[in-house]
Amino acid sequence: MSHQATPPRSLAEALRARDDASLAALLRARPDLITPVPTDLTQLATRAGTRASVVRALERLDRFALQTAEALAVAADPASYEELLGLMAGDEADPAVTAALPRALGTLRMQALVWGADDRLRLVRTARELLAPAPQHPSPTGLGPTVQEATAGMSPGRIQEIVTAAGLPSTHDAVSAVTSLTALFTNRRRMGALLGGAPEESREVLARLVWGPPYGQVTADPAARLRWLLDRGLLLPTAPGTVVLPREVALHLRGGRAHRVAEPLPPTVEAAATHRPQVVDETAAGQAYTALATVEELLKDWHEGGPAVMRAGGLSVRDLKRTAVALDVSEPIAAFWVELAYAAGLLASDGEADERYAATPAHDEWLEQPAGLRWALLAQAWLTATRTSGLVGGRDAKERTLSALGPGLDRSAAPEVRHRVLTLLAGLPEGTSPSAESVLARLSWERPLRGAQRDDDLRARLARWSLSEAELLGVTGRGALSTQGRALLGAPAPKAAAEEPVGPGDKLPVHHHTPPVVEPLSPAEQATASAAAARLLAPLLPEPLDHVLLQADLTAVAPGPLQRPLADMLGVLADVESKGGATVYRFTPGSVRRALDAGRTASDLHAFLAEHSRTPVPQPLTYLIDDVARRHGHLRVGAACAYVRCDDDALLNEIMADKRAAGLSLRRLAPTVLATQADPAALLDGLRAMGFAPAAESAEGDVLIARAHAHRTPPRTAPEPVPDGPPVPDATLLSAAIRAIRAGDLASTTPRKPTAATPVTGGELPRTSPAETLATMQAAVLTGETLWIGYVNAEGAASQRVIAPIRVEGGFVTAYDHTADEVRTYPLHRVTGVAELAEDTG
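This report concerns the structure included in the present document. As the structure is a computational prediction, the values presented were derived from the model and not from experiment.

## Brief notes about the environment of Met-569
Working step 1: Positionally, Met-569 belongs in helix 27 (residues 564-573).
Working step 2: C-alpha of Met-569 to C-alpha of Phe-608: the two residues are 39 residues apart in sequence and 9.0 Å apart in space.
Working step 3: Once residues within four sequence positions are removed from consideration, Met-569 is found in contact with Arg-600, Leu-605 and Phe-608.

Okay, here's the thing in C-alpha cells:
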C-alpha cells in the first residue's frame, strides 16, 4: 500500500509527501527557512513552526488568506473543510467566499501554515496561539472562548444549574453537562427557540457583544436582562465583574460567520484620469530632464565641497534649507534629491577631519554618460533604495530628529512597496492614472498585518511617497506609468485604453482586472531593463543646444538645455537670472571679472560669444567686456599682510580718498604701494565692492588665475539597501537546498537492518568495530549496496550519512554520498560504524 494513503501525523510527514516543486514554492515564499539549510525535513518543519518565522509568514498573507487562518484558529483542531467553509461563508454560503476559499487554503498549505487532508485541517500550533482568542490579545474575529474553555474553572453545581435553566436534562458530571450545553448552542433550531423566549433587553445585550469585543462588565447584583442570560449560559463569568459571550453563541447570532465582512476579492484599483499615452510619456520625459538638471545643479553647488557632516551624521536643518533655496524647491523635495544622489553613489562624505559632503569620482563618470543612461541610474537607485527621504524631519524611537543623509532613514519595506505600487499602475490600461486611495486600499488588502499594526501604517505612507516620487523622477507622467517606467519595471505590454472619451462630467471607469504579477528583477535583469528604459527615454529628451540668443539688455537666453562646455563657460561669464523652459543669463561687471579671474582674456570672451550666439553680439556687452578688461589687473594685491600696488598713483589717491576704504585701514608705503593688515582675500573683496577690478598676484608678481577647485571624495560605493529578511533564493540555490534536505532526510529516516552491535534506535550513530566496518564496506563495493554510516569530521561534529561505496583502499572509502548528492572520500578511522539499510517493502 502506498504511504501517501496514510494521512500525515505531523507537519514533517506532510512536507515529506510534497514534491520538489511544492518544496521550492515553500522556500521561495519563506526564505528564512533555508538560512541556514536544514539538515532534513523534520528540522525544516520545526523551523517552520517557530514564532519568528510564523509571524513573518502571517505578515505576508493577503487579507482573505489571513481571515481563513483566523477562522481555523477558532475552529476545532483538526477541522474539516466543511466547518471552515461554514465559518467563512456563513449559513448563506456566500458564493464569492465559496469560490475564493480553495485558493486561500492553498496559500496557507503552500506556506506550511496549514497541513492535513481536507477532513483534518490543522493550523500550525504557533499560528493558532497567535490568532486564537485570549483575554490578553482578542481575536481579530471578535470571538471569545468556547463554552468548554469559559467553564473550565466553574463549579460542577453551577454548571448543572445553567444546564437546567437552559431547558436541558441534568447530567451526572460537568464534562457531559458542558457537552450538552455546547450541542444546544450549535444547533440552529434549538438555539432559535431558546433566544425566541429571551426578553428584548437581553437580546440587545447580545447584539452589543456579538461582533466583539465579547467581554462585558457586570455588577455583583446583575440587572434582570443580564441575569436571564447568565442563568442560561448565554453569558459566562470569566472573572469577578467580567462576563464573556461564548463563541458558539456568537457564531449562532452571526449566522455562522467568523468575520463580519469576509473579503475574498482584492479592492479594485480605480482610475482617476485617463490621458493619451503620448502626453504621459512627454510629461514624464520633461520630469526626467528636470530630475537630471536638479541633481547636476545640486552637485555643482557642492563642487568645491558641500555642507559639513553633523557629529551625529547627516545634514543640518540650516544646510538643508540652504540647499532647498539653491534648488528652488521645498525642503522635503530637496531632501529627496539629496538622498537620491546619495543612493546613486554620486555624493558621499569625504572622510576628512572636518568632514564634508562632496561629489564622488562616480559623479564625473556619470556626467559623461548619455542623458538616458544617467536617468536610468537614478531611477534604478530609487527603485531599490531602502533609504526613505519622506522620514526626514520626523523623529526616531529615541525622539531624535531624523536628518537628510543621516542614520535611521532605512525602511526595508520601501523597495517592495515602490515596486508593488508601480506594478499596480502597470496593470491599468495605458495612459490611466489611479486614485491614490484605491491604491492604498489595495495594498492594505494585500498585506493587512504589515500596515495596520506597525509604525503608524508605514506602508500607506511609503505608497503615497512612492506615487509622488515616481512623478518627480519621471517614472510616471500625470500619474500614469510611462513607457520608460514600464520598461524599468520589466512589466509586460500594457492593455489598450478604453476607446470611449471621458468627459469632465463622466464617471471614470473602474478596472476590475488583476494587475500582472511582476517579480522584482535580478541585478542582471535590472541592468537590461534599465538600458531598455534609457533607450526609450532618449528620443523624448531635448537635444542640448550649442548656441544662445544675446539680448541688448546684457542678457542671454538659452532656449533649451545647453551642451556642457557651453553651459560651464556661460555659468562663469554670466549669472543665472531665471530658470524654466528657457534659462536667462545676465552679464554684469562682476561676472565678467569672474571670467577674467579664471584666466580668460577679453579677446577669448569676444570670440566665445561670437561663436555661440545666434544673434549679433550687442554693443553694450562688447563695451562691458572691454571696460572691465581694461581695468582688470590695473591694481595688484599681494601679501604684506596685504598690499595694493599700481603704476598710476592717482588711482591710489582716489582709493585713499574714498570713505568706503576706511574699513580696510590702508596706508601708503610708497607713491605706487598701499598696505593693510587685512588679508588679500578681504582686500580683493573690499576693492571690488568699491567698483574697482583688482587682480591677485603671486610672490613673483604674476597674476593669480582663480579657478574653482573641484573637491571629490575618495572612491565610494553607493549605500547598500537594508534587506527585509533573507533574500529570495534563486533557482540554483533552491535546487541545491532541496537536494541536501532530501538527502539528509533519507539518512535520518531510512530503515536500517538491526545487528547485535547496532540496534535500531532513532538518533544514535551506528557503532561497529574497525574490522567489521572494513568488511561491510568491501562487501558493499561488490554488491552495490547502500549503507548507513556514522561519521565524525575533523572538527569533531558527528553526522549520519547514506553512502554507496565505490572502492576501499589505503584506509579511505570513496562512495557516492546520498546526503551530499556527490562522490566523496572518507577516512575509515573517522567512521564510527556501519549498518546495512533494510529492504524497501514498498
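Right, picking up where we left off after that structure.
## Here's the deal with helix 27
Working step 1: Among all positions of helix 27, only Leu-566, Met-569, Leu-570 and Leu-573 are buried. Angular distribution of buried residues about the axis of helix 27 spans 100°; they occupy a single face of the element.
Working step 2: Where helix 27 is buried, its residues contact strand 16 (583-586), helix 28 (589-597) and helix 29 (602-612).

## Considerations on the packing of helix 20 (residues 371-384) against helix 26 (residues 523-537)
Working step 1: With their axes 8 Å apart at the nearest point, helix 20 and helix 26 run at an angle of 135° to one another. Relative to helix 26, the element helix 20 lies oblique. For the crossing formed where helix 20 meets helix 26, the hand is right-handed. Side by side, helix 20 and helix 26 meet where Gly-372, Leu-373, Trp-375, Ala-376, Gln-380 and Leu-383 of the first sit next to Gln-526, Ser-530, Ala-533, Ala-534 and Leu-537 of the second.
Working step 2: Considered class by class, the residues forming the contact of helix 20 with helix 26 number 7 nonpolar, 4 polar and no charged.

## Observations regarding the pairing of strand 24 (residues 812-817)
Working step 1: Pairing of strand 23 (residues 798-809) with strand 24, which is carried by 6 bridges, proceeds in the antiparallel orientation. What sits directly across from Glu-809, in strand 24, is Phe-812.
Working step 2: In this sheet, strand 25 (residues 822-827) lies alongside strand 24 in antiparallel orientation, the contact comprising 6 bridges. Note that in strand 25 the partner of Phe-812 across the bridge is Pro-827.

## Here's the deal with the side chain of Ser-482
Working step 1: Mapped onto the secondary structure, Ser-482 falls in the loop between strand 11 (480-481) and helix 25 (483-489).
Working step 2: For Ser-482, a relative accessible area of 0% puts it in the buried group.
Working step 3: Within the local environment of Ser-482, its side chain forms a polar contact with the backbone oxygen of Val-475, the two atoms lying 2.7 Å apart.
Working step 4: In this structure Ser-482 touches Val-280, Asp-281, Ala-284, Gly-474, Val-475 and Thr-476, once residues within four positions along its chain are discounted.

## Topic: the sheet that holds strand 3 (residues 215-217)
Strands in a sheet are paired, the pairing made by backbone hydrogen bonds, and the direction either parallel or antiparallel.
Working step 1: In space, the 3 strands of this open sheet follow the order 3-5-4, with antiparallel pairing throughout. Strand pairing shows two members of the sheet lacking a second neighbour, strand 3 and strand 4 (236-239), which therefore form its edges. Neighbour to neighbour, the strand axes of the sheet diverge by 40° on average, direction disregarded.
Working step 2: As defined by bridge partners, strand 4 adjoins strand 5 (residues 242-244) across 3 bridges and the pair is classed as antiparallel.

## Considerations on the packing of aromatic side chains
Working step 1: Scanning the entire structure with this criterion turns up 3 aromatic pairs.
Working step 2: Against the face of Trp-366 rests Arg-374, its NZ or CZ located 5.5 Å from the ring centre.

## Points about the environment of Gly-314
Working step 1: Looking at the secondary structure, you find Gly-314 in the loop between helix 16 (277-301) and helix 17 (317-327).
Working step 2: Residue classification places Gly-314 among the buried positions, given a relative accessible area of 0%.
Working step 3: In sequence terms Gly-314 and Arg-356 are 42 residues apart; their C-alpha atoms lie 9.9 Å from each other.
Working step 4: Aside from chain neighbours lying at most four places away, what touches Gly-314 is Ala-308, Val-309, Tyr-357, Ser-403, Ala-404, Leu-405 and Gly-406.

Calculation rules
- Residues numbered from 1 in each chain as written.
- Predicted model: local features only at pLDDT ≥ 70, side-chain atom pairs only at ≥ 80, totals over all residues.
- Heavy atoms only, no water.
- Helix = DSSP H or I, 4+ residues; strand = E, 2+ residues; numbered from the N terminus.
- Contact = heavy atoms within 4.5 Å.
- Buried < 20%, exposed > 50% of the residue type's maximum accessible area, 1.4 Å probe, protein only.
- Arc of directions from axis to C-beta.
- Axes fitted to C-alpha atoms, helices over the stretch in contact; angles between N-to-C directions.
- Parallel < 35°, antiparallel > 145°, perpendicular 65-115°, else oblique.
- Left-handed = near helix turned anticlockwise from the far one by under 90°.
- Nonpolar A, V, L, I, M, F, W, Y, C, P; charged D, E, K, R; others polar.
- Pairing = 2+ DSSP bridges.
- Polar contact = N/O pair within 3.5 Å; in protein donor to acceptor, adjacent residues only side chain to side chain.
- Phe/Tyr/Trp six-rings, centres within 6.5 Å; stacked < 30°, edge-to-face > 60°.
- Lys NZ or Arg CZ within 6 Å of the ring centre and 35° of its normal.

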